[in-house]
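The residues making up each chain are set out below.
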Amino acid sequence: MASSHSTTRLERLYLQGNQLGDEGLAALTDVLLPGKPMHQLETLDLGGNGIGDEGAAALACSVKEGALGPLQYLFINNNQIGDEGAAALAEALATLPALQDLVLGSNAIGDEGFAAVG
């Protein structure tokens, strides 16, 4: 008899260049929470999606709620994240013990944002 539920675990999600924007990323964060399909992601690529401070804050909020616990690699480069979004991400991502690589290049992050991340 076959099981009625799947044990498949999604580990890598590449969404670069899809123009999700802040609203799209906010919607995506719903499926990143514990018990949801993408909670176990180890790699998440959100590069080139027009994400700004609001989207970064939504992702940070989701992480603070327990999303992406095993995340090792986050690519959020080539977006429109500024100092405010970088600071929100830095605070939240500091709670992810497995995080090894954070790629933030080609955003609008200034000295204050990089100081928060660094």
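Think of each chain on its own: its residues are numbered from 1, step by step along the sequence as written. At least 70 in pLDDT is required for a residue's local features to be given in this predicted model, at least 80 for side-chain atom pairs to be given and counted, and no such filter applies to totals for whole chains, interfaces and linings, which use all residues. Side-chain measures were taken over the full set of non-hydrogen atoms in the model, leaving aside hydrogen atoms and water.

Novice: Even after reading the chapter, I still don't get the overall build of the protein chain, so can you show me in this structure?
Specialist: Strands are runs of DSSP state E lasting at least 2 residues, helices are runs of H or I lasting at least 4, and numbering of each runs from the N terminus. Across its full length, the protein chain carries four helices and four strands. Restricting the calculation to C-alpha atoms gives the radius of gyration, and the globule rule supplies 2.2 Å times the number of residues raised to the power 0.38. For the protein chain, the C-alpha radius of gyration of 14 Å lies close to 13 Å, the compact-globule estimate for 118 residues. Here the C-alpha coordinates of the protein chain stretch approximately 60 × 30 × 20 Å along the principal axes. A simple rule labels every residue: compare its accessible area, found with a 1.4 Å probe on the protein chains alone, to the largest value its type can have, and call it buried under 20%, exposed over 50%, or partly exposed in between. The buried share of the protein chain, taken over its 118 residues, is 41%.

Novice: Sorry, what's going on with the pattern of salt bridges here?
Specialist: Within this document, salt bridges are pairs made up of a side-chain nitrogen of Lys or Arg and a carboxyl oxygen of Asp or Glu, the two lying within 4 Å of each other. For the coordinates displayed, the defined rule picks out two salt bridges. Residues arginine 12 and glutamate 11 are paired through a salt bridge, measuring 3.6 Å at the closest nitrogen-oxygen approach. Given the relative accessible area of 47%, arginine 12 is considered partly exposed. Assessed through its relative accessible area of 28%, glutamate 11 is described here as partly exposed. With a closest N to O distance of 3.2 Å, glutamate 91 and lysine 64 form a salt bridge. One end of the pair, glutamate 91, is in helix H3 (residues 83–93); the other, lysine 64, is in helix H2 (residues 53–64), with 27 residues separating them in the sequence. Each member of the pair, glutamate 91 as well as lysine 64, carries the same accessibility label: exposed.

Novice: Explain H3 here, please?
Specialist: Each full turn of the α-helix corresponds to 3.6 residues, which orients residues three or four apart in the same direction. Buried within H3 we find Gly85, Ala86, Leu89, Ala90, Ala92 and Leu93. For this analysis, residues touch if any pair of their heavy atoms sits within 4.5 Å. Buried residues belonging to H3 abut H2, strand E3 (73–75), strand E4 (101–103) and helix H4 (111–117).

Novice: Any chance you could explain the packing of H2 against H3 here in plain terms?
Specialist: Working note: a packed helix pair is described by the angle between its axes plus the distance between those axes. Angles run from 0 to 180 degrees between N-to-C directions of axes, and those axes are lines fitted to C-alpha atoms, restricted for helices to the stretch in contact. With their axes 8 Å apart at the nearest point, H2 and H3 run at an angle of 10° to one another. Taken together, the axis directions place H2 and H3 in an arrangement best described as roughly parallel. The two elements H2 and H3 meet at a crossing, and its hand is left-handed. Contacts between H2 and H3 involve Asp53, Ala56, Ala57, Leu59, Ala60, Val63 and Lys64 from the former and Asp83, Glu84, Gly85, Ala88, Leu89, Glu91, Ala92 and Leu93 from the latter. Three categories are distinguished: nonpolar for Ala, Val, Leu, Ile, Met, Phe, Trp, Tyr, Cys and Pro, charged for Asp, Glu, Lys and Arg, and polar for the others, with Gly belonging to the last. When its residues are assigned to classes, the contact of H2 with H3 shows nine nonpolar, one polar and five charged. An angle counts as roughly parallel when it lies under 35 degrees, as roughly antiparallel when it exceeds 145, as roughly perpendicular when it falls between 65 and 115, and as oblique in every other case. Take the far helix as your reference; a near helix turned counterclockwise from it by less than a right angle gives a left-handed crossing, and one turned clockwise gives a right-handed crossing.

Taken by themselves, the reported measurements are silent on function.
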